[in-house]
Protein chains: 2
Amino acid sequence: MAKPFTKSVFKSLFRRKGYDNNNKCYKKVVRLCSNHVDCMSVVYKEYGDPNKVLGIEKHQLSKRLKANEVMAKMLLAPVNPSDINMIEGTYFLKPPLPAVVGNEGVAEILDVGENVKSLKVGDWVIPNQAGFGTWRTHIVTECNMFKKISNDIPQLSAATITVNPCTAYRMLKDFGNLKPGDVVIQNSANSAVGQSVIQIAKAWNLRTVNVVRNRDNLEQLAEQLKQLGATHVVTEEFLRKPEMKDLIKSLGAAPKLALNGVGGKSATELLRHIAPKGTMVTYGGMSRQPVIVPTGVFIFKEVTALGFWNSQWNIENDTSPERDIMYEELCNMIRECKLIPPPCEMFPFDNYAEAVESAMKGFEGKKKVISMQEF
Amino acid sequence: MAKPFTKSVFKSLFRRKGYDNNNKCYKKVVRLCSNHVDCMSVVYKEYGDPNKVLGIEKHQLSKRLKANEVMAKMLLAPVNPSDINMIEGTYFLKPPLPAVVGNEGVAEILDVGENVKSLKVGDWVIPNQAGFGTWRTHIVTECNMFKKISNDIPQLSAATITVNPCTAYRMLKDFGNLKPGDVVIQNSANSAVGQSVIQIAKAWNLRTVNVVRNRDNLEQLAEQLKQLGATHVVTEEFLRKPEMKDLIKSLGAAPKLALNGVGGKSATELLRHIAPKGTMVTYGGMSRQPVIVPTGVFIFKEVTALGFWNSQWNIENDTSPERDIMYEELCNMIRECKLIPPPCEMFPFDNYAEAVESAMKGFEGKKKVISMQEF
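Computed from a predicted model, the values in this text were never measured in an experiment. (Residues numbered from 1 in each chain as written. Chains lettered and ligands numbered in written order. Predicted model: local features only at pLDDT ≥ 70, side-chain atom pairs only at ≥ 80, totals over all residues. Heavy atoms only, no water.)

> Can you explain the interface of chain B and chain A? Please cite residues and give values.
Between chain B and chain A, the contact holds 27 residues from the first and 27 residues from the second. In total, about 2200 Å² of surface goes out of reach between chain B and chain A, with carbon and sulfur atoms giving 68% of it. Remark: the boundary between chain B and chain A carries two salt bridges. A salt bridge links Lys277(B) to Glu316(A); the nearest nitrogen and oxygen atoms lie 2.7 Å apart. Scanning the region where chain B abuts chain A turns up six residue pairs in polar contact (both at pLDDT 80 or more). When contributions to the side of chain B that touches chain A are tallied by element, the ones reaching two or more residues are strand S14 (291-293), helix H11 (295-299), strand S15 (304-307) and helix H12 (310-316) of chain B. Considering every element that reaches the side of chain B that touches chain A, the biggest residue donor is S15(B), with four residues. Bridge analysis of strand S14 (residues 291-293) of chain A against S14(B) gives three bridges, and the strand direction is antiparallel. (Contact = heavy atoms within 4.5 Å. Buried area = accessible area lost by both parts, 1.4 Å probe. Salt bridge = Lys/Arg side-chain N within 4 Å of Asp/Glu carboxyl O. Polar contact = N/O pair within 3.5 Å; in protein donor to acceptor, adjacent residues only side chain to side chain. Helix = DSSP H or I, 4+ residues; strand = E, 2+ residues; numbered from the N terminus. Pairing = 2+ DSSP bridges.)

Written as structure tokens, this is what we have:
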């Protein structure tokens, strides 16, 4: 990093040029010339109701980077269900407290230490692992805490690529030994993962049977999902009807893979329609009910039931080529408009509390995304 | 086959030698000299209560074998739960009716057709596949319907090797990637499969935690299972106690494999003690309850749940070398007294109805075995 200029030198320089203290540009220059960056983070010091336990902490980050460090400015970070559960203390992983909220997001590199070769100023980066704490304006950290992501895709896509599209990609890639034309059945088809599944499956010429809960605007939702690439959209109730068997019959092949984000009855119903020797991957449990598998489904239908956890996959595949291939392929899909992010609602960073409250009212609506652009 | 002698020639021959019609030896010779063998089978023409729908059918088998045929005399056949369920029509497979009862047993080859090289007179054989219909005195069939089994092991071991020891062997061999010292947990530990699991695990230096239902003679049962090789014997109730965690801790490693023959709560409890990334294999559902898996066990503990069905394995591995290796290894264990058959109670063939009634009163007692020796 270039040797930092002193604040006073620059202040005098800008005053001479007619900028005053209230000028926005002046403030920015002062910030640029400072030895520190003012940074804000959303933190929690105890587990509990996210509407109560969160607060903003301010501190200064030194611009003098160590050799392997980078400084980054967060751009966007979504509110994910796992973020909420982590704050509540109900998630499988409990981060040591105090903790900065947020597992996903995109940042821009502002500066790099002298030994950093993998990243340069202006690069976009995403957290390498979960538990990063993305709800902050700036961060200085070891360069390997980040993973570079192409900056020719929409910022929103980059900010939401780590969790849902990667989960969908891996489940379709690693389970059920799927080939073009094969059928996948999934519940929670309107969730963020579900929508990624639909789009990636479509890109890979897989057919999808998508199960959603019944609702007033069902037809409209079905149409939306079909526009994303869904082959069929059915309700939970339809799964139990004889017509469902006709639908599967009309596909010429039963689903080799079932993706379960709900649990309870919904998961059991998926199993009724899965092919012999099929696989059911559980990645979520929205119903808060366990997965119930009739004994005969295991013994006579020879179904395998297992789980997928994106965070764990990332730990085990930290530097694996499969991971780079995945991001490359997902970015290509994004560039070709084959994979769009779910509908979002933006909240400026200092309105994070509103984003949280809104997110907790239901994840089926628009995804809440926090923007740090202006900070 | 030698050209058959006519009955009348032999009758006259034996009369001359002073044998009369009531003499047992005479009868046997007459039978030997006949062109036919009198055969009896236990059959059902409709599905239903095994105490009601079974009957004996008599017919004659020609001794003139086709080139690839063999004639065999059944020696012993056990009453297995799946036999009962098949008769009831509640089993996954429904044999076409009328059907001969029995999936397991041992027979002796009486004669072979001219092209049969793999079997010779005096060999012991077991059914190559399930659905054979072993509850009969004699059978003429294609030689590949049988699989040769060593005749230097106890007849009872040969008669009961196909289902339970093979199921136990495959589950311990094919799942959980077990190595000597590893721990296996199983419920239904006192069942026939359970006892085979204990003995094979012991032979392979695997440690077993064996779950049984509480009962009056618990200590005695635990002692018996420990004599078979069980490392620990605990009750279903004990699984829920804090002491169970201490027990697992004392083993220095959590079970990599859980074997479930019960389902319901019992299976869920096994999952509490299984190691991360462990496998649960379901081979039975004695409780008639489904398998209930908490979502977090799939996602965060990364447990895989699947099933094993011996009959299906046999179909898929009809001529695989693994199958021969398995029988060889099991026979060696039997010869070395490392694998003994479960305690049995014998019933002569014409008392089959008593065997069935007795078996249906509870499978936890002695296994009922039907003997065709005298027929």
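> Got a sec to walk through the sheet that holds strand S1 (residues 36-44) of chain B? Specific residues and values, please.
Residues and elements named next belong to chain B. Sheet architecture is open: three strands sit in the order S2-S1-S4, paired in antiparallel fashion. At either margin of the open sheet sits one strand with a lone partner, and together these are strand S2 (54-62) and strand S4 (99-100). Pairing of S1 with S2 involves nine bridges; the strand directions are antiparallel. By the bridge assignment, Val37 is partnered in S2 with Leu61.

> Give a detailed account of helix H10 (residues 264-273) of chain B, specifying residues and quantitative values.
Burial analysis of H10(B) places eight of its 10 residues in the buried class, which makes it a mostly covered element. Every buried residue of H10(B) is accounted for by Gly264(B), Ser266(B), Ala267(B), Thr268(B), Glu269(B), Leu270(B), Leu271(B) and His273(B). (Buried < 20%, exposed > 50% of the residue type's maximum accessible area, 1.4 Å probe, protein only.)

> So what about the packing of aromatic side chains? Which residues, and what values?
Where two aromatic rings form a pair, the distance of their centres and the angle of their planes describe that pair. The tally for this structure, following the rule as stated, stands at 20 aromatic pairs over all chains. Plain terms: the ring middles of Tyr91(A) and Phe300(B) are 5.4 Å apart, the flat faces sit at 75° to each other, and that makes the pair edge-to-face. Separated into two different chains, Tyr91(A) in the loop between helix H4 (81-88) and strand S4 (99-100) and Phe300(B) in the loop between H11 and S15 make up a pair that spans both. Residues Tyr91(A) and Phe300(B) agree in their burial class; the two are buried. Centre to centre, the rings of Phe132(B) and Phe146(B) are 5.1 Å apart; their planes meet at 40°, and the pair counts as tilted. Here Phe132(B), found in the loop between strand S6 (124-127) and strand S7 (138-142), pairs with Phe146(B), found in strand S8 (residues 146-149); they are 14 residues apart in sequence, far enough to count as distant. Each member of the pair, Phe132(B) together with Phe146(B), is buried. Taken together, Tyr91(A), Phe92(A), Trp309(A) and Phe300(B) form an aromatic cluster joined through their ring pairs. Here Lys94(A) stacks its cationic end above the ring of Tyr47(A), 5.3 Å away from the centre of that ring. (Phe/Tyr/Trp six-rings, centres within 6.5 Å; stacked < 30°, edge-to-face > 60°. Lys NZ or Arg CZ within 6 Å of the ring centre and 35° of its normal.)

> Go over the relation of the copies chain B and chain A with me, naming the residues and quoting the values.
Overlay of chain B on chain A (RMSD 0.0 Å): rotation 180°, translation along the axis 0.0 Å. Accordingly, the operation relating the two chain copies is best matched by a two-fold axis. Most of the interface of chain B is mirrored in chain A: 100% of its interface residues are interface residues there too. (Least-squares fit on C-alpha atoms with pLDDT ≥ 70 in both.)

> Tell me about the nonpolar core, residues and numbers included.
In globular proteins that are soluble, nonpolar side chains generally tend to be buried together. Ile185(A), Val209(A), Ile185(B) and Val209(B) are the most contacted members of the largest nonpolar core, which totals 44 residues. Residues within four places of Val209(A) in sequence aside, it is in contact with Val183(A), Val184(A), Ile185(A), Gln186(A), His232(A), Val234(A), Met244(A), Leu247(A) and Leu251(A). (Core = buried A, V, L, I, M, F, W, Y, C linked by side-chain atoms within 4.5 Å.)

> Any chance you could break down the sheet that holds S4(A) for me, citing the residues and the numbers?
Residue and element names in this part refer to chain A. Taken together, the three strands give an open sheet; going across it, the order is S2-S1-S4, and neighbouring strands pair in antiparallel fashion. Unpaired on one side and paired on the other, strand S2 (54-62) and S4 mark the two borders of the sheet. Bridge analysis of strand S1 (residues 36-44) against S4 gives two bridges, and the strand direction is antiparallel. Opposite Tyr44, over in S4, you have Ala99 as the bridge partner.

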